[in-house]
Amino acid sequence: MLSKHLSLPTIIGNLLRRHVHGRRNNDINAVIGTFQHPHHSAHCFFSSTSGGSETAPFDRSVKLKQRTRAAETCRQQHYYNNKNGSNNDNVPSQLVLPYDYFHREIAQRLVDRLDDINIRENGEGGFPLALEIGAGAGFVHEALIDGCADEDDENDLLLLDTTTGDGGTENVLYSGRGGVRKLVQLDSCSAMLHRDDGYATTTANNDSSSSKTICETYKLVAEEEGPFPFPDGTFDLVISSMAFHWINDLPRLLTEIKRVLKPDGCLLFALPGGNTLPELRSSLVLAELERTGGVSTHLGPYVDLSNVGSLLTGTGFKLPTIDVDDIQIGYPNMMVLMEHLGRMGEGNACLNRKERVGLGTFVGAACLYDELYPAEDNGDGEDESIVASAQIIYGIAWKEHEAQQKPLERGTATHKMTDIAVTKTMG
């Protein structure tokens, strides 16, 4: 137990000394070696500050470099794996990389919410034309076609078109989940957007005389913050998974999304909430306070759950629906967690971050993390010593349409609240 009578530097110093002396020397060397290993991406936290507005929290140019580096590293890793023993006949139809697990899972959960949205009053089934903001490596598109590409009964799919290609091959086009027929994937990072190019999203039938395409895509390199190069009322659906948290001006972006949506169009998004990575944040703050006597920004400011609804209604969206997922993931140590964040392209891009953080601060933070936030041993044999928490906020909102539900005008009520809601108290 931590004593409340000791000063904060003394408490942290005691924790560090107890943790270090309680481990074998080779364990400490392994932690330091992990941090210094050239293949680990903690260097994304050392980027220098450059440019940007004084009021903007993020340096978009730094974020672009981080995501480009992450995409190039993933492609190099896949090329290395194929070069060392992979048979061309066994190469999968899509990249499956060890750092995609989180973004892929969130995209799947986000698209699952399309199944809960009813057909709109205009009679159209689903959302024929959709725009994805911050498409990245295409995880939302994978989720849209998930369960469709291997569908045995094609009668359950919406047949859109049949064309004949070169060599007499018949190309059959179907819509994806949610009735999405075509998805425009927009991202400012060309390397990330085209990372998986060359891996088929077309399923060939056994007779090799026809192929089946689920949900066509068009990739566009453009700034996520807008303005978008589309006329007013273009899209039935705007979707975004894990991209809004790096936007400097969210109200401006939401206004631009509302402009390109058709009346009764839907906005569907997922972003990290304010209670994301609190363990990493507090460990870094405590270690830096003890080592340097000051505190700097290590994690980006996330949108608080209580502010999401007001952001949507303040920009003119109607019928907002918000829900939250709390996710916990185990890691061997803090350095591995930071490596995964870097390989995902989720490194620190705050404008007011330090140019460089000392090695002692990171080692101290890793020791504090192990002491304060250990993972529970569930007996599955996994090497999980610490736990990292993420709060994911999912939002659904609609552009105004005359067919939508509207509240009655003020003063038109025919019953009093006391007639329908009575509170009984014990006498």
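Thresholds, definitions, all that
- Residues numbered from 1 in each chain as written.
- Predicted model: local features only at pLDDT ≥ 70, side-chain atom pairs only at ≥ 80, totals over all residues.
- Heavy atoms only, no water.
- Pairing = 2+ DSSP bridges.
- Helix = DSSP H or I, 4+ residues; strand = E, 2+ residues; numbered from the N terminus.
- Axes fitted to C-alpha atoms, helices over the stretch in contact; angles between N-to-C directions.
- Parallel < 35°, antiparallel > 145°, perpendicular 65-115°, else oblique.
- Left-handed = near helix turned anticlockwise from the far one by under 90°.
- Contact = heavy atoms within 4.5 Å.
- Nonpolar A, V, L, I, M, F, W, Y, C, P; charged D, E, K, R; others polar.

A. Molecular detail of the sheet that holds strand 10 (residues 318-331). Within the open sheet, the 7 strands sit side by side as 7-4-1-8-9-11-10. Their pairing is mixed. Looking along the sheet, the strands with just one partner apiece sit at the ends: strand 7 (216-221) and strand 10. Direction aside, the axes of adjacent strands within the sheet are offset by 15° on average. Pairing analysis gives 5 bridges linking strand 1 (residues 129-133) to strand 4 (residues 182-187), with the strands arranged parallel.

B. Region of interest: the packing of helix 8 (residues 278-292) against helix 11 (residues 359-372). Relative orientation of the contacting elements helix 8 and helix 11 amounts to 130°, with a least axis distance of 8 Å. Between helix 8 and helix 11, the angle falls in the class oblique. In terms of crossing hand, the pair formed by helix 8 and helix 11 is right-handed. Residues Glu279, Leu280, Ser283, Leu284, Leu286, Ala287, Glu288, Arg291 and Thr292 of helix 8 form the contact with helix 11, whose own contacting residues are Gly360, Thr361, Phe362, Gly364, Ala365, Leu368, Tyr369 and Leu372.

C. How the structure looks around the side chain of threonine 315. Checked against the element boundaries, threonine 315 lands in the loop between helix 9 (305-314) and strand 10. Beyond its immediate sequence surroundings of up to four residues, threonine 315 is in contact with Pro251, Leu254, Thr255 and Lys258.

D. Layout of the packing of helix 10 (residues 334-343) against helix 11. Close contact between helix 10 and helix 11 brings their axes to 9 Å; oriented N to C, the two are set at 110°. With respect to helix 11, the axis of helix 10 lies roughly perpendicular. Contact residues: helix 10 offers Met334, Met335, Leu337 and Met338, while helix 11 offers Phe362, Val363, Ala365, Ala366 and Tyr369. Of the residues contributing to the contact of helix 10 with helix 11, the split by class is 9 nonpolar, no polar and no charged.

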